[in-house]
Amino acid sequence: SGVDDPNFAHDLLTELTRTFLAYADNVRAQDSAAYAIQELLSIFECREGRTDSPGRRLWRRFPEQIQEILEPHLNSRYKSSQKEVNWSKLKKPVYLSNRGSKFSDWSATWAGYLISKVRHELASKVFKCCSFIIKHDYKVTIYLLPHILLYMLLGCTPAEQQEVTAEMLAVLTEGDGGASVQETASSLSQLSTQTVFSMLSHLTQWSRHILYAKPKVTESGDYQRVVAFLKGIPQDVLAKASLQSKAYTRALMHFEAYILENKENIQDHLSFLQTLYAAMHEPDGVRGVNALRREEPSLREQILEHESIGLLRDATACYDRAIQLESDQVPTHRFSVFQ
């Protein structure tokens, strides 16, 4: 749903009501939530009235207990005291920079920057009045980011679109430094990766909705721009990031798409596929991958196979041999059975 959809307004105001109640002991955060509620009620003309209107219908969708919380904000006088942020000096990608070393900081900073690039009038108003609460509540940020990204992409320049791609790739490729799949990723990495996948899923669902509901619109620049952006995130990167974050079904989906799109030789990717099946506890899949091999499997690949089918003694023998042959790389051999 877009920002002009009553469902969006209903869900956002419900989320902000939760936030308002959650920060009863934090004046600044609660005031930020109150300001957003006040502005949104005005933007969507959400109030009881004598005649039927979209705003009145929206108001009546809320249960009485939420109406009681919203009602004082119909006549409140909160004002924004914060100055406009100068985003021109923001270091990009934000991820892992001094403003992106914690998830709450990264998500709020990136969301704020993207909001500054939204050129759709209504969307810009909605997101800007929420830009103060996202600094306090990352749940609101996570909720809004997919919508913010969509509207940003619909009016951005090619350079701005490339910045978004670079930001996402910074998140998705962080785990490519050789870390074992079994190692638990940091909360920053896990939450950021999940947020990026949520944003990509939203764009995918939007493009499918446009494709099926309004086929002629697929020729429009908006649709083409979003589809082109999605194609700019490599499927193999998505597959590896999904595996790293233990989203195994998604990893398999992106891996299959990568093989089909690029007409890749499956022999070049058997190690990844075997690791994926082992993580999914699919011994038949691991066996199937080995049956496809034209070359002798590495020690690591043998260990994965032995572990997955319960041959722990054989796995131990391979591990011992790996220590002898690759003593300088022992830390890389961290398989679950030995932890």
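Residues numbered from 1 in each chain as written. Predicted model: local features only at pLDDT ≥ 70, side-chain atom pairs only at ≥ 80, totals over all residues. Heavy atoms only, no water.

Peer 1: What should I look at first to understand the overall build of the protein chain in this one?
Peer 2: On a plain count of helices and strands, the protein chain comes out with 16 helices and 0 strands. The proportion of buried residues among the 339 residues of the protein chain is 45%. Long-range pairs, those at least 24 residues apart, make up 64% of the contacts in the protein chain with a sequence separation of at least 6. (Helix = DSSP H or I, 4+ residues; strand = E, 2+ residues; numbered from the N terminus. Buried < 20%, exposed > 50% of the residue type's maximum accessible area, 1.4 Å probe, protein only. Contact = heavy atoms within 4.5 Å.)

Peer 1: Where do I start with helix H2 (residues 27-43) in this structure?
Peer 2: Helical periodicity: at 3.6 residues per turn, an α-helix aligns residues three or four positions apart in one direction. Along its 17 residues, H2 runs 24 Å from first to last C-alpha, staying within 8% of the 24 Å computed at 1.5 Å per residue. Listing the buried residues of H2 in full gives Ala29, Gln30, Ser32, Ala33, Ala34, Tyr35, Ala36, Ile37, Gln38, Leu40 and Leu41. Two residues or fewer after H2 comes Glu45, characterised by a positive phi angle close to 50°. (Expected span 1.5 Å × (residues − 1).)

Peer 1: I tried to follow the packing of helix H1 (residues 6-22) against helix H6 (residues 121-130) on my own but got confused; where do I start?
Peer 2: To describe two helices that pack against each other, one gives the angle between their axes and the distance between the axes. Packing of H1 against H6 brings their axes to within 13 Å, and their N-to-C directions diverge by 5°. On the basis of the axis angle, H1 is roughly parallel to H6. Taken together, the residues of H6 that come into contact with H1 (itself represented by Phe8, Leu12 and Leu16) are Val126, Phe127 and Cys130. Broken down by class, the residue content of the contact of H1 with H6 amounts to 6 nonpolar, no polar and no charged. (Axes fitted to C-alpha atoms, helices over the stretch in contact; angles between N-to-C directions. Parallel < 35°, antiparallel > 145°, perpendicular 65-115°, else oblique. Nonpolar A, V, L, I, M, F, W, Y, C, P; charged D, E, K, R; others polar.)

Peer 1: Before we go on, may I ask you to explain empty space enclosed by the protein in this structure?
Peer 2: Sizing a probe to match a water molecule and rolling it over the atoms shows the empty space that remains. Applying the stated criterion across every chain yields a total of 2 cavities of 30 Å³ or more. For the second largest cavity, the calculated volume is near 30 Å³. Lining the second largest cavity, in full, are Lys92, Trp110, Tyr113, Leu114, Glu163, Val164 and Glu167. Elements with a minimum of two residues in the lining of the second largest cavity: helix H5 (103-115) and helix H8 (158-172). Partitioning the lining of the second largest cavity into residue classes produces 4 nonpolar, no polar and 3 charged. (1 Å grid on protein atoms, 1.4 Å probe; cavity = no way out; pocket = protein on both sides within 12 Å on 5 of 7 lines; lining within 4 Å. Points joined across faces, edges and corners; volume = space filled by probe spheres on them.)

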